[in-house]
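# Breakdown of the fold
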Amino acid sequence: MKKKWVGLLFLGGFLLSSCLAPAKGDSSESSASQEFPSTSDPSSSQLTSYEKDDEGFLVLEEDYFSYQEDETSTLQRNTIEIPQDVPEKEHYGNMRLYCGDRQIPVYAVKTNYVHSWDPAAPYRMDNAVASFGFSGVVALKLQTTFPLFDDTEISPINQGVPYSLDKERHVVTFTLSTPGQYTISFRQDRVLHLFANPLEDRSYNNSNSIFFGPGVHTKNNDSRINGNNEVYLSSNSTVYFHPAAFVKARFIANNASNIKMCGSGYIDGSSFVRNASTGEVTVPLEFNYCKDISFESFGVLDPAGWCFNLYFCDGVTLDGCKVISSRSNGDGISIQSCQNVTVDSCFVRSWDDSLVVKNYPRWSDRSQEGTTRNIHFSSCILWTDLAQSMEIGFETVGKIMEDISFKDITVIRNFHKPVFSIHNSNNADVKRVRYENITVEHADMGRGDGVNTLLEFSNEYSATWSNVQKTTSLGSLTDVSMQNILVMKGSNNPRVTIRGAIDPRSGYSKEVHWINDVRIQDFSLYGERLLDGYGNLDTSYANGVSFTSSGNQVTGANYPKNESIESFGPNIDFVVM
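Residues take numbers from 1 onward in each chain, read along the sequence in its written order. Given that the model is predicted, a residue must reach a pLDDT of at least 70 before its local features are reported, and side-chain atom pairs must reach 80 or more before they are shown or counted; all residues, however, enter totals for whole chains, interfaces and linings. Water and hydrogen atoms were dropped before computing side-chain values, which therefore reflect all heavy atoms in the structure.

Take the overall build of the chain next. For the chain, the helix and strand inventory stands at one helix and 46 strands. We compute the radius of gyration over the C-alpha atoms and compare it with the globule rule, which gives 2.2 Å times the number of residues raised to the power 0.38. Rg of the C-alpha trace for the chain: 24 Å, near the compact-globule value of 25 Å for 577 residues, within the 12% margin. Here the term buried applies to any residue with accessible area under 20% of the maximum for its type, exposed to any over 50%, and partly exposed to those in between, with areas from a 1.4 Å probe on protein chains only. Residue burial in the chain is summarised as follows: out of 577 residues, 58% are buried. In the chain, of all internal contacts separated by at least 6 residues, the share reaching a separation of at least 24 is 75%. Reported accessibility uses the Shrake-Rupley method at a 1.4 Å probe radius. Residues are deemed covered only where the shown protein chains occlude them. Accessible surface, the chain: about 22000 Å² in total, of which carbon and sulfur atoms supply 45%. Helix and strand labels come from DSSP, where a helix needs a run of H or I of at least four residues and a strand needs a run of E of at least two; each type is numbered from the N terminus. For this analysis, residues touch if any pair of their heavy atoms sits within 4.5 Å.

Looking at where Glu200 falls in the secondary structure, it is placed in the loop between strand E12 (190-198) and strand E13 (209-212). By relative accessible area, which is 16% here, Glu200 ends up buried. For the pair Glu200 and Gly133, spaced 67 residues apart in sequence, the C-alpha to C-alpha distance is 7.9 Å. Residues within four places of Glu200 in sequence aside, it is in contact with Tyr240, Gly263, Ser264 and Ser297. In the analysis that follows, any N or O atom pair within 3.5 Å is treated as a polar contact, provided that within protein one partner can donate a hydrogen and the other can accept it, and provided that, for residues neighboring in sequence, both atoms belong to side chains. At 3.5 Å, the side chain of Glu200 forms a polar contact with the backbone nitrogen of Ser264.

Where nonpolar side chains cluster on the molecular surface, the patch consists of Ile502, Val512, Trp514 and Tyr541 and spans about 330 Å² of accessible area. In this fold, Trp514 is placed in the loop between strand E41 (512-513) and strand E42 (515-525). Patch rule: a residue counts if its relative accessible area is over 30% and it has no salt bridge; like charges are joined within 9 Å, and nonpolar side chains (Val, Leu, Ile, Met, Phe, Trp, Tyr) within 5 Å. The working definition used for a salt bridge is a side-chain nitrogen of Lys or Arg within 4 Å of a carboxyl oxygen of Asp or Glu.

Note that Ile412 resides in strand E34 (residues 400-414). Leaving out residues up to four positions away in the same chain, Ile412 has contacts with Ser155, Thr183, Phe347, Ile381, Leu382, Trp383, Glu441 and His442.

Here we come to the confidence of the model for the chain. For residues with low pLDDT, the predicted coordinates do not support detailed interpretation. Summary statistics for the chain give a mean pLDDT of 91 and a share of 91% for residues scoring 70 or more. Along the chain, pLDDT gives the predictor's confidence residue by residue, from 0 to 100. Considering only residues more than four positions removed or in separate chains, one finds that residues 1-45, a stretch of pLDDT under 50, has 96 contacts.

Let us look at the nonpolar core. To qualify as a nonpolar core, a set must consist of buried Ala, Val, Leu, Ile, Met, Phe, Trp, Tyr and Cys residues joined through side-chain atoms within 4.5 Å. Residues Phe251, Met261, Phe287, Phe295, Phe420, Tyr435 and Phe457 are the most contacted members of the largest nonpolar core, which totals 81 residues. A per-element tally of this core places strand E36 (residues 429-443) first, with six residues. Excluding its chain neighbours within four sequence positions, the residues that come into contact with Phe251 are Phe212, Val231, Leu233, Val239, Phe241, Met261, Ile267, Pro284, Leu285, Glu286 and Phe287.

It is worth spelling out the pairing of strand E3 (residues 95-99) at this point. Counting buried positions over the five residues of E3 gives five, a clear majority of the element. A two-sided burial pattern is seen for E3, the buried positions comprising Met95, Leu97 and Cys99 on one face and Arg96 and Tyr98 on the other. When DSSP finds two or more bridges between two strands, those strands count as paired. The pairing of E3 with strand E7 (residues 138-144) spans four bridges and is classified as antiparallel. When the sheet's bridge partners are listed, Tyr98 is paired in E7 with Lys141. Two elements, E3 and strand E4 (residues 102-104), share three bridges in a ladder whose sense is antiparallel. By the bridge assignment, Leu97 is partnered in E4 with Ile104.

Attention now moves to the sheet that holds strand E21 (residues 285-288). Consider a sheet: its strands pair through backbone hydrogen bonds, and that pairing is either parallel or antiparallel. One open sheet holds the 11 strands; their spatial order is E15-E18-E21-E24-E27-E30-E33-E35-E37-E39-E44, and the pairing between them is parallel. Edge positions in the sheet fall to strand E15 (230-232) and strand E44 (537-538), since each has one partner strand and no second.

Once rolled over the atoms, a probe with the size of a water molecule shows which space is left empty. Here a cavity means grid points, on a 1 Å grid over the protein atoms only, where a 1.4 Å probe fits yet cannot get out; a pocket means an open set of points with protein on both sides within 12 Å along at least five of seven lines; lining residues are those with an atom within 4 Å of a point. Grid points are joined across faces, edges and corners, and a volume is the space filled by probe spheres set on the points. Scanning the entire structure with this criterion turns up three cavities of 30 Å³ or more. Size it by volume and the largest cavity reaches roughly 70 Å³. Along its surface, the largest cavity is lined by Pro83, Gln84, Ile104, Pro105, Tyr107, Val129, Ala130, Ser131, Pro243, Ala244, Phe246 and Tyr266. Here the lining of the largest cavity takes three residues from strand E6 (residues 124-135), the largest share from any one element.

Among covalent bonds in proteins, the disulfide is the one between the sulfur atoms of two cysteines. Cysteine sulfur pairs qualify as disulfides if the two atoms are within 2.5 Å. Within this structure, the stated rule accounts for zero disulfides. Free cysteine Cys321: the closest other cysteine sulfur is in Cys346, separated by 4.8 Å. With a relative accessible area of 1%, Cys321 lands in the buried category. Cysteine Cys380 is unpaired, with the sulfur of Cys346 as its nearest cysteine sulfur at 5.0 Å.

Turning our eyes to something else, we now look at the sheet that holds E7. One open sheet holds the five strands; their spatial order is E4-E3-E7-E10-E9, and the pairing between them is antiparallel. For this open sheet the edge positions go to E4 and strand E9 (163-166), each flanked by a neighbour on one side alone. Sheet twist, expressed as the average angle between the axes of neighbouring strands with direction ignored, equals 25°. Angles here are taken between N-to-C directions and fall from 0 to 180 degrees, while the axes themselves are lines fitted to C-alpha atoms, restricted in helices to the stretch in contact.

Below is the structure:
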């Protein structure tokens, strides 16, 4: 099947001189947001003489979004692929995104700013999501209906995205030269989740391909979705989501292998009911006993429960996937009793754990316990509205849980419970866990019904969780290392807990379950090194816990950079997909 190009549009004008001007910030440890001191003074709102249109946007000068092409340039042309608009999908009414005089569709997505768990998750609000593909350098203008203030922030902060604020016109101008996932945050909890994808291979010439084209797909208009809103996948299948596709369905595979799901469109769970009190749930991706599975590029919006649910799978890759959840048990990427899983360059905003690794028994025979081995997360961007950002546990049924790593992770915000957590509440021997090059921009734990705990490693019985899957003895936690951890700002004096325990239950002989060999080096907490003299530290029943400093600068996560940026000129080819 050939590529479906809606149109190839070469604009007669694109001037990048403004977007290539010197940045207000740079890509060093000082962030763009730090260039603009935060203010809470509402009097700083700009009064303008511009009229407003019917949607509340200021009517700006006719040439404000126009450009002129440089016909003398012989440098490489930039390319931007803009998804065609989908009128039947709800748009976000307070932002418009432009590249040149072309609008990039901005859609509404539910987020949840209540940091107390409620089964009904009643207080959700609309925010914005947009995506496009590009290569080279692109200048973008984001127009809002609301005033701009100096605490506008583009994350990842240390990515150093150059931007400027035109407060009079309510416009943020910024330049992207590296594909990735970004958030543009404003006061009053307004956020644009912006997914700037690399240009991708859109070939899907597989005899078992399932192609979802532009538009909204439901069981009523797409026969591949059954009456229960399900798509069952068999071995050797490929699913491709067009960049303008919104698919209202859940995808299920059991005992299958060699499945690929790709393309930068969306699975949309917004029409499904999530009722935590009655158990009604629609998990969008459920893969059980599968092997050699690949997920690439697509996003999942407003899942009605967990998002990625992987159970007893082997050989799974997630690359460039996105999740925005806002409902009860809205975990992002959940890995249960799996082996050889790689999660790279993904974005998760969740109303429950963002990244979570568990060991479960088999449902059909709970005497067969789980094995978790070789699980690696890298270059992911997280925003955790509720629960933990990087969680191992609580349910850890099965002796083997080993070789788990988190590397080059950015946590934009965490509001509720620990950023770093290992909760071994069953019989697993958890070992060889690595955290390396982590940036936490806002560690605001303790909001709502949360706890002001930054790090919690525990090996102890939990009255809430230890008996959920299967009652077992307690296991062990050993060989954990953390290196180059940068926590930029957040709650005062957060707790750091590394705690084993005596098993309190009868029949377990009051056994002591120690935590052993936890090494923390170059951990910067609000500009100070975390050392063993930290005042809010608990290391009960823990041996071999060390806090050290190498003397090197703590830099946190590493970010990709477009090394060929200078080979691109000022001109852009626009492709409408």
